[in-house]
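Tertiary structure, described
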Amino acid sequence: MIKEKIIFGIHSVQEALEAGQEIDKIYIRRALVSDEIRTIKQQARSLRVPVFEVPVERLNRFTRGAHQGCVAILAQVAYTELDMLVPKLFEEGEDPLIVLLDGVTDTRNFGAIARSAECAGAHAVVIAERGSVSVSADAVNASAGALMRIPVCRVPSISGAVGYLSECGLKVVVASEKSQHAYYESNLAGPLALVMGSEHDGVSPSVARLAHEAVAIPQYGEIGSLNVSVAAGVLLFESLRQRRVRIAD
């Protein structure tokens, strides 16, 4: 069982940032102001590490030690730069298959999606810096270790990542239960960016507008929607099936 690793204390967090340690996020006590805290925020911003201001009670849950109002959560993996990964895949003759999570917040769903993505041969999972899951110990455990194997890209925004992938020649497909187009009627065999929406609201309108196509998974029950991790698995393995058929032809 993988456990969360933390660094606490202002100077310890500063040193970790300066040393280039992979940090997932930083929590700072709300209303805490000092030159050191300003420096931490500036360093974190330059490294695209999210910083959250929280009540002291939140910090006390991490440690009863002298946290000095500052706790950093170490990343379980080294994040991959999306704009370095995609060109490399094309250079290697691969058709990129990238999974983007637009507002997914449940770590178990994240872990299950990563597991399906790795098994289906996806090249990366993309998450946003804020308002999204991160590669926490719980997520790694839920993925059965898949998050240690598949590249994870953390980006400022999913809409920005979708725009970039579209410019690179990937077909952007969003999963939407409102679509009249069944997923198996879509071409999912070429360079593909598959966008899965949040557990409650689905794909955001700003991201959906950038997509080339929206697809649905036909359902005959009364519930009306699938769990996002189940839906991701269905679409990923349809993409794998189509890719194999294309290669066989």
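Let us look at the structure shown here. (Residues numbered from 1 in each chain as written. Predicted model: local features only at pLDDT ≥ 70, side-chain atom pairs only at ≥ 80, totals over all residues. Heavy atoms only, no water.)

**Here we look at the sheet that holds strand β3 (residues 51-54)**
Taken together, the four strands give an open sheet; going across it, the order is β1-β4-β2-β3, and neighbouring strands pair in mixed fashion. Bordering the open sheet on either side are β1 (6-8) and β3, each of which pairs with just one other strand. On average, each strand axis in the sheet is tilted by 20 degrees relative to the strand beside it, whichever way the strands run. In terms of strand pairing, strand β2 (residues 23-29) meets β3 through four bridges, oriented parallel. For Arg29, the partnering residue across the bridge sits in β3 and is Val54. Relative to β2, helix α2 (residues 35-46) is tilted by about 155 degrees, and along the sheet it contacts β2, β3 and β4 (70-74). (Pairing = 2+ DSSP bridges. Helix = DSSP H or I, 4+ residues; strand = E, 2+ residues; numbered from the N terminus. Axes fitted to C-alpha atoms, helices over the stretch in contact; angles between N-to-C directions. Contact = heavy atoms within 4.5 Å.)

**Observations concerning the nonpolar core**
In summary, soluble globular proteins display a tendency toward joint burial of nonpolar side chains. If you look at the biggest cluster of nonpolar residues, it comprises 36 residues, and the most contacted ones within it are Val99, Leu101, Phe110 and Met196. Among the elements that take part in this core, helix α9 (residues 228-248) stands out by supplying five residues, more than any other. When near neighbours in sequence (up to four residues on either side) are disregarded, Leu101 contacts Phe110, Ile113, Val125, Val126, Ile127, Ile158 and Met196. Membership of the second largest hydrophobic core comes to 23 residues, among which are Val126, Ala161, Val162 and Leu165. (Core = buried A, V, L, I, M, F, W, Y, C linked by side-chain atoms within 4.5 Å. Buried < 20%, exposed > 50% of the residue type's maximum accessible area, 1.4 Å probe, protein only.)

**Considering the sheet that holds strand β7 (residues 152-155)**
Ordered in space as β7-β6-β5-β9-β8-β10, the six strands form an open sheet in which the pairing is parallel. Every other strand in the sheet has two partners, leaving β7 and β10 (213-215) as the edge strands with one partner each. Sheet twist, expressed as the mean angle between neighbouring strand axes with direction ignored, is 25 degrees. Contacts from helix α4 (residues 82-91) reach β5 (97-102), β6 (124-128) and β7, with the element oriented near 135 degrees to β7.

**Quick word on the packing of aromatic side chains**
Per the stated rule, a full pass over the model turns up three aromatic pairs. Residues Tyr27 and Phe62 carry aromatic rings whose centres are separated by 5.3 Å and whose planes lie at 35 degrees to one another, so their mutual orientation is tilted. Here the residue Tyr27 occupies a position in strand β2, and Phe62 occupies one in helix α3 (residues 56-62), the gap between them amounting to 35 residues. Looking at Tyr27, the relative accessible area reads 8%, which means it is buried. Of the residues examined, Phe62 reaches a relative accessible area of 29% and is grouped as partly exposed. Members of the aromatic cluster, each reached through a chain of ring pairs, are Tyr27, Phe52 and Phe62. A cation over an aromatic ring shows up here: Arg130 above the ring of Phe52, its NZ or CZ 4.8 Å from the ring centre. (Phe/Tyr/Trp six-rings, centres within 6.5 Å; stacked < 30°, edge-to-face > 60°. Lys NZ or Arg CZ within 6 Å of the ring centre and 35° of its normal.)

**Here's the deal with the pairing of β6**
With respect to burial, β6 is a largely interior element, five of its five residues being buried. Side chains of β6 alternate between two faces, with Ala124, Val126 and Ala128 and Val125 and Ile127 buried alike. When β5 meets β6, the two strands line up parallel, connected through three bridges. Looking across to β6, one finds that Leu100 is bridged to Val126. Each parallel crossover has a hand, and for β6 linked through helix α6 (residues 137-142) to β7 it is right-handed. (Right-handed = clockwise from strand over helix to strand, strands pointing away.)

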